[in-house]
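Below are the chains, spelled out letter by letter.
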Amino acid sequence: MKNMITIFINDKEYKVEPDQTIMKAADKLGFKIPRLCYHPKLSIEGACRVCVVEVEGHRNFVASCAFPISDGMRIKTNTHELRRARRDIVELILDNHPLDCHTCERDSNCELQRLAASMGIRARHFAGDRKRYEEDLSSDAVIRNPEKCILCGRCVRLCSEIQQVHNLTQSHRGFSTVVTPAYNAPMAESVCTACGQCINVCPTAAFLEKNYTQELFSNLNDPTMIKVAQFAPSVRAAIGEAFGLPVGTNMEGQLVASLRLLGFDYVFDTQFAADLTIMEEASEFLERVKGNGKLPMITSCSSAWMKCLEQFYPDLIDNVSTCKSPMSMQGAMTKTYFAQKLGIDPSKICSAAAMCCTAKKYEAARPELMFDGMKGVDIVVTTREIAWMIKSAGLDFVNIKPEQPDNPLGLSSGAGAIFGTTGGVMEAAIRTAYDLYTGQTLIDIEIEAVRGLKGIKEGSLTMDGKEIRVAVAHGLGNACKLLDVVRKDPDRYHFIEIMGCPGGCVGGGGQPYPLTNTVPLDDAALTKRAKALYDLDRGKTIRRSHDNPGVQKLYKEFLEHPLSEVSHKYLHTHYQAKLPVGIIPKEAKKIEVKP
Amino acid sequence: MTELAQDKMTTLREFMAEVAQREYSESYLIAVLHKAQELFGYLPREVMDVVAEGLEIPTAHIWGVATFYHYFNLEPIGRHVVSVCMGTACYVKGANRVLDALKRELAVEVGQTTDDRLFTLQEARCLGACGIAPVIMIDDKIYGELDSEKVIEIIRQHRRL
């Protein structure tokens, strides 16, 4: 243990570890100094000044998030003057902010609103000019509303430090400062990967997903359409939070029942397609191990990661699995296999997906994923949007009687469930690849090496004497680190899983906003959501994708076998180098790529 | 890109290659942008892309720096830069009227460039010639004791140059 030092907070003496900021020391002692721009996983900005405290001997108040403690320091956190200073700071922020809380999407989920309430702000004293900007609605996934922005800089830091996409910056200065992509480019033309993490860390509504709830409601009211739903593994693990349930409550059955009550004719489960993805992906991997294709093979389920690949790692496109994501596979099977079974025209199907992800909205619109002139998924809504729809429809989500998803695309194995967390796709793929390769059954199917929230995880296993080395990265920043290793040392791994969001899909950009006492990207919350999926896996009799009788039936009746011609037509795709506005320089530009 | 622009780009690349050798090369961003503006007169997007690549700095960050400093021009500027001193002495002596006359004569607002690319109109804070207020500066030359008629005559002289 380091030499402890003495500090005084509000005249009381404490022994604390040196080399930390006032805020961190105070946090551990049970003082929660009000804050706004601070985020524990991001660099210190010191922009908002809400966390000011008084330090004896200093002429001015200091920002506790940035100020280091020293031996004998006397700190006051709650004087009359401090309270007034903080209140003035927040009032000044509010003065430059639209007064439309009651019609704002973040109403009752807004950090600024909570902060203003805790400061006791009940009137405006600094009425003045307010910034005016147009909303940027160009993207199918993430919209930007600079009028709501309070310039805390969390999104800029997140996009650069955690995701390493570097799409956002604070451009111009003073009153004209505004968060934009390079060259003021519209989000749709920028390097934005649509991961939606900026939405999660934004304290207000400066970033939001593009809302498709009204479009979905009107489709649900159309009697001429067959309405088919699917929902991602991690939606069930998080949606309860939007209804005040503890983090990590599995609400699968309640979600199925609610989707039916919302008007869906069929409720399928994306976990079914996760099993299907594993059949294709594991088979593709084994082909590559046999020498047919490039190694390491990298997973392709995460839409934000696909955009990141095309922009920044186009030289690795051949390493990426050609499999579509489970959502797109599910959509394709809905409009082909299922439509044929039902004997209906697929254009009469409205295929909707409830996803933990904002990038899936972007994915659904990708032309290369179309087949027979159709999109597999017509409408994508996030966990937040579907939670709102359930509330709006007046359904008692918490007390509703749980129901099962429909057949033939609703049955799933435990491997399909864990798709929603970092390491889950790898674990599921190993369970199947091992069995297919060796003809034996892998006994120890819970692969601890790929579980947990470590940024980059490594593991290895032996299949018939052949060593297979695997790696898993979550969050695009970790992915970039891992891929930089792969560029230098292509033989280091055989199989790599990448998920674009921290924690994997459970930490997706479309998940419920953090509760009042947690912060976005909180490891404890991500771990609890992941645990809900691991528990789901453990509770299932069928835990391997290839044992899923629904998937077996689909191959028998429609797809023939993994990697068949039919599979290739509907379940596989290809990716192309993209060099949009504001590219990060990295290696990407130095590599010859065909436009 | 014209041959001339290619030459300028080569000069810029050479300059970046030179600073890349130095310690903390990313801290030379502002110096590189100065060089770029010296060469091109402003910072076109293609130039910022080249700087991003050369210094391995994300374009968003370069955009942040380029828009933060008033010194950097993001649009092409005119052959003559007309700066109107809005310092206290000039202001008291009627700089406002001089500026209004210039806006009318050139048909531009502050910060803009005339359609014929001859003049860019700017405001300045005290040019240090308060004794002959109100003053303007065209390129590197000061003109003092102005009023709305005199300033128009000076502009017309420059048009004939």
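Just so it is clear, the structure is predicted and the values come from calculations on it, not from any experiment.

Analysis parameters
Here the residue index of a chain counts from 1 through its sequence in written order. Each chain is given a letter, starting from A, and each ligand a number, starting from 1, according to the order in which they appear as written. The predicted nature of this model means local features are confined to residues of pLDDT at least 70 and side-chain atom pairs, given and counted, to a pLDDT of 80 or more, with totals for whole chains, interfaces and linings taken over all residues. Hydrogens and waters are ignored; side-chain quantities use all the structure's heavy atoms. Strands pair, by our definition, only if DSSP identifies at least two bridges between them. By the criteria applied, helices consist of DSSP H or I runs no shorter than four residues and strands consist of E runs no shorter than two, each listed in order from the N terminus. The contact definition used throughout considers only heavy atoms, calling two residues in contact when any of these lie within 4.5 Å. Here an angle of 0 to 180 degrees is reported between the N-to-C directions of two axes, which are lines fitted to C-alpha atoms, with helices fitted over the stretch in contact. Start and end positions for the domains come from either an automated domain assignment or a database one. Using a 1.4 Å probe, buried area is obtained as the accessible area two parts lose upon being combined, added over both of them. Working definition: roughly parallel below 35 degrees, roughly antiparallel above 145 degrees, roughly perpendicular at 65 to 115 degrees, and oblique for all remaining angles. Note on convention: the crossing is left-handed when the near helix lies turned anticlockwise from the far helix by less than a right angle, right-handed when the turn is clockwise. We call Asp, Glu, Lys and Arg charged. Ala, Val, Leu, Ile, Met, Phe, Trp, Tyr, Cys and Pro are nonpolar, and the rest, Gly among them, are polar. Exposure above 30% relative accessible area and the lack of any salt bridge qualify a residue for a patch; like charges then connect within 9 Å, and the nonpolar side chains Val, Leu, Ile, Met, Phe, Trp and Tyr within 5 Å. Using a 1.4 Å probe, accessible areas were evaluated by the Shrake-Rupley method; residue-level cover was limited to the displayed protein chains. When a carboxyl oxygen of Asp or Glu is within 4 Å of a side-chain nitrogen of Lys or Arg, the pair counts as a salt bridge. Type-normalised accessible area, obtained with a 1.4 Å probe on protein chains alone, sets the label of each residue: buried when under 20%, exposed when over 50%, and partly exposed for intermediate values. Put simply, a nonpolar core is a bunch of buried Ala, Val, Leu, Ile, Met, Phe, Trp, Tyr and Cys residues held in one set by side-chain atoms that sit within 4.5 Å of each other.

A. Structural view of the sheet that holds strand β14 (residues 379–382) of chain A. Residues and elements named next belong to chain A. Ordered in space as β11-β10-β13-β14, the four strands form an open sheet in which the pairing is parallel. The sheet is open, and its two edges are formed by β11 (266–267) and β14, each paired on a single side. Of the strand pairs in this sheet, strand β10 (residues 226–231) and strand β13 (residues 349–355) are connected by six bridges, and their pairing is parallel. Of the residues in β13, the one forming a bridge with Ala229 is Ala352. Most of the contacts of helix α8 (residues 252–262) go to β10, to which it runs at about 160 degrees, and overall it touches β10 and β11. Each of β13 and β14 is contacted by helix α13 (residues 383–392), which is oriented at about 85 degrees to β14, the strand it contacts most.

B. Broad picture of the domain arrangement of chain A. Residue and element names in this part refer to chain A. Splitting chain A by domain gives domain 1 (5–78), domain 2 (126–209) and domain 3 (213–571). Taking only C-alpha atoms, the centre of domain 1 and the centre of domain 2 are 29 Å apart. The interface is formed by 10 residues belonging to domain 1 together with 11 residues belonging to domain 2. Of the roughly 830 Å² buried between domain 1 and domain 2 on both sides combined, carbon and sulfur atoms contribute 56%.

C. Representation of the packing of helix α2 (residues 80–95) of chain A against helix α3 (residues 111–118) of chain A in the model. Residue and element names in this part refer to chain A. Put simply, α2 and α3 touch, their axes get as near as 10 Å, and they point 135 degrees apart. Here α2 is positioned oblique relative to α3, judged by the angle of their axes. Considering the relative orientation of α2 and α3, their crossing is left-handed. Where α2 abuts α3, its residues Val90, Ile93 and Leu94 lie against Leu112, Leu115 and Ala116. Residues belonging to the contact of α2 with α3 are distributed by class as follows: six nonpolar, no polar and no charged.

D. Main features of a nonpolar patch on the surface. A grouping of Ile30, Phe68, Tyr69 and Tyr71 of chain B is seen on the molecular surface, where their side chains present a nonpolar patch of about 360 Å² in accessible area. When you line up the elements, Tyr71 of chain B lands in the loop between α4 (59–68) and β1 (80–85).

E. Spotlight on the pattern of salt bridges. All names here are of chain A. In this structure the tally under the stated criterion is 45 salt bridges over all chains. Between Arg236 and Glu252 there is a salt bridge whose closest N-O contact spans 2.7 Å. Taken together, the positions of Arg236 in helix α7 (residues 233–238) and Glu252 in helix α8 put the pair 16 residues apart, joining distant regions of the chain. Judged by relative accessible area, which is 0%, Arg236 ranks as buried.

F. Inspection of α8 of chain A at higher detail. All names here are of chain A. The buried fraction of α8 is high, at nine of 11 residues. For α8, every residue scored as buried is listed here: Glu252, Gly253, Gln254, Leu255, Val256, Ala257, Ser258, Leu259 and Leu262. Looking one or two residues past α8, Gly263 carries a phi angle of roughly 120 degrees, positive in sign.

G. Quick look at the nonpolar core. All names here are of chain A. Counting residues in each nonpolar core, the largest one holds 88 residues, and the members touching the most others are Phe207, Ile239, Leu259, Leu262, Trp305 and Leu309. Mapping this core onto the domain boundaries places at least three of its residues in each of domain 2 (126–209) and domain 3 (213–571). Other than its neighbours up to four places away in sequence, Leu309 contacts Pro314, Leu316, Ile317, Val320 and Tyr575. Listed in part, the 28 residues of the second largest apolar core include Cys301, Ala428, Ile445 and Phe495.

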